[in-house]
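Observations on the model geometry
Here are the chains, one letter per residue:
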Amino acid sequence: MTDDWRQVADRVRNWGRWGADDQLGTLNYITQEKISSAARLARRGVRFNLSIPVDAYGPQSAHGYRRNPVHMMTLDGGDADMSRALETQKTGGGAQEAEIIELWKGPMRYTDDFIVMPLQSGTQWDGLAHVYYDDRLYNDHPAASVTSAGAMRNGIEHVGASGGVMGRGVLLDVARHCGVRRLEPDVAIGPNLLDEVADSQGVAIEEGDILLIRTGWWTHFLDHRDGATWQKAAPGVSWKVAEWLHERRVAAIAADNIAVERRTPEIDNHVLLFHMLTIRDMGMTLGEIWDLEALAQDCAGDGVYEFFLSATPLLVTGAVGSPVTPVAIK
Ligand code: UVW
């Protein structure tokens, strides 16, 4: 039934659950106690950086409004003589030019750079202002509260300002459980399969967990460097997993694909249904394009699928998402 999902939406909707002013959603499940017990999961002190590289060679190529990051130098090692050049040229640059000349009078030299990137281009969190339907965002705010000056409600900065995202991370390695390097294109992972993977890994999902789902799909990008196919054919979770997460009071979910969920719609004309239910109804942030390969290898080696996870977004005021460098510590 094409409208079944609306009944699920009614059941999983968390609006008002943490108050009318709440802008954190299911991250509220991560309590102080949860963080303190999660810290004890860093037993061996081994770290796994779950970010893909931030550079021009990432997976963005499917649509024009998302490009790979552009990194540019504003001062490089060849600029060592800049103060002399500025003094000679007398370009009339005013106070700023005078300051540069002053800074470079002694032997100290430095380099500087900047980056231009869509916040959604690489390893990221989708914030609670990122997705809406029927004109409403999480906690019943109008879509128009995301203005040309940024999100007036549900901006990603509230996540960072709250202390950030950290706690017990649990990896469900679906690809390994299915005995494949990566799932086939367009596979939808349902709740039963997630239960099966958790059982076979001997790990229980607890309230406040940050769940990482490995489809193995990142290896498709590494093998082919074809962002368009990687995005469009991505396997991922089924929209039915939203209610499963809701029942378990999971705090957040992330995956090694473009959208956590299967990219092609399971119901005609309902693209990104899981996004609608999780971000807009439940108030759950989604982590996308995470590289779970090295972590998964280690978990398969020692059979331990839980760890301390730290993944705090940037405090970009009014942003609807943020790049992140998630780190898992076992
Ligand atoms: C959409 O595709 C709408 O967003 P994202 O890829 O950030 O989940």
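Quick notes on the rules
Residues numbered from 1 in each chain as written. Predicted model: local features only at pLDDT ≥ 70, side-chain atom pairs only at ≥ 80, totals over all residues. Heavy atoms only, no water. Salt bridge = Lys/Arg side-chain N within 4 Å of Asp/Glu carboxyl O. Helix = DSSP H or I, 4+ residues; strand = E, 2+ residues; numbered from the N terminus. Buried < 20%, exposed > 50% of the residue type's maximum accessible area, 1.4 Å probe, protein only. Near = heavy atom within 4 Å. Polar contact = N/O pair within 3.5 Å; in protein donor to acceptor, adjacent residues only side chain to side chain. Nonpolar A, V, L, I, M, F, W, Y, C, P; charged D, E, K, R; others polar. Domains from an automatic or database assignment. Patch = residues over 30% accessible without salt bridge, like charges linked within 9 Å, V, L, I, M, F, W, Y side chains within 5 Å. Areas by Shrake-Rupley, 256 points an atom, 1.4 Å probe, with all protein chains shown as cover. Arc of directions from axis to C-beta. Contact = heavy atoms within 4.5 Å.

The chain is annotated in an unreviewed UniProt entry as Cyclase from Rhodococcus opacus.

Observations regarding the pattern of salt bridges
Counted by the stated rule, this structure contains 25 salt bridges. Here Asp-209 makes a salt bridge to Lys-34, at a shortest N to O gap of 2.8 Å. Of this pair, Asp-209 sits in the loop between α7 (191-201) and β11 (210-214) while Lys-34 is found in helix α2 (residues 32-39), placing the two residues 175 residues apart along the sequence. Lys-34 shares its class with Asp-209; the two are buried. Residues Asp-223 and Arg-182 are paired through a salt bridge, measuring 2.9 Å at the closest nitrogen-oxygen approach. With Asp-223 in helix α8 (residues 218-224) and Arg-182 in the loop between α6 (174-177) and β10 (188-189), the pair connects residues that are 41 residues apart, well separated along the chain. Judged by its relative accessible area of 39%, Asp-223 is partly exposed. Via salt bridges that share partners, Lys-34, Arg-43, Arg-168, Glu-206, Asp-209 and Glu-306 belong to a single interconnected network.

As for the site of the ligand
Residues in close proximity to the ligand include Arg-66, Gln-120, Gln-124, Asp-126, His-130, Ile-258, Leu-272, His-275 and Glu-288, which together make up its full environment. The contact in question runs from an oxygen atom of the ligand to an N or O atom on the side chain of Asp-126, over 2.9 Å. Between the ligand and Glu-288 there is a distance of 2.5 Å, counted from an oxygen atom to a side-chain nitrogen or oxygen. Grouping the constituent residues of the shell around the ligand by class yields two nonpolar, four polar and three charged.

Focus on the domain arrangement of the chain
Domains assigned within the chain are domain 1 (4-65 + 119-329) and domain 2 (70-116). Computed from C-alpha atoms alone, the centre-to-centre distance between domain 1 and domain 2 is 42 Å.

Focus: the side chain of Gln-201
Secondary-structure assignment places Gln-201 in helix α7. When its relative accessible area of 11% is taken as the criterion, Gln-201 is described as buried. Here the side chain of Gln-201 touches Leu-171 through a polar contact of 2.7 Å, landing on its backbone oxygen. At 2.8 Å, the side chain of Gln-201 and the backbone nitrogen of Asp-173 are in polar contact.

Here we look at a nonpolar patch on the surface
Where nonpolar side chains cluster on the molecular surface, the patch consists of Val-70, Met-72, Phe-114 and Val-116 and spans about 320 Å² of accessible area. Within the residue set of the nonpolar patch, elements represented by two or more residues are β2 (70-75) and β3 (112-116). Given a relative accessible area of 44%, Val-116 falls into the partly exposed group.

Let's talk about helix α12 (residues 293-302)
For α12, the complete set of buried residues consists of Leu-295, Ala-296, Asp-298 and Cys-299. Across the axial projection of α12, the buried residues extend over an arc of 165 degrees, all falling on one side. Looking at α12, the residues exposed on the side facing more than 90 degrees away from the buried face are Gln-297 and Gly-301. Against the buried residues of α12 lie β1 (47-49), β9 (166-173), α6, β11, β15 (306-310) and β17 (327-329). One or two steps after α12, the chain reaches Gly-303, where phi turns positive at roughly 75 degrees.

A word on the environment of Glu-184
With respect to the secondary-structure elements, Glu-184 resides in the loop between α6 and β10. C-alpha separation for the pair Glu-184 and Gly-236, spaced 52 residues apart in sequence, amounts to 10.0 Å.

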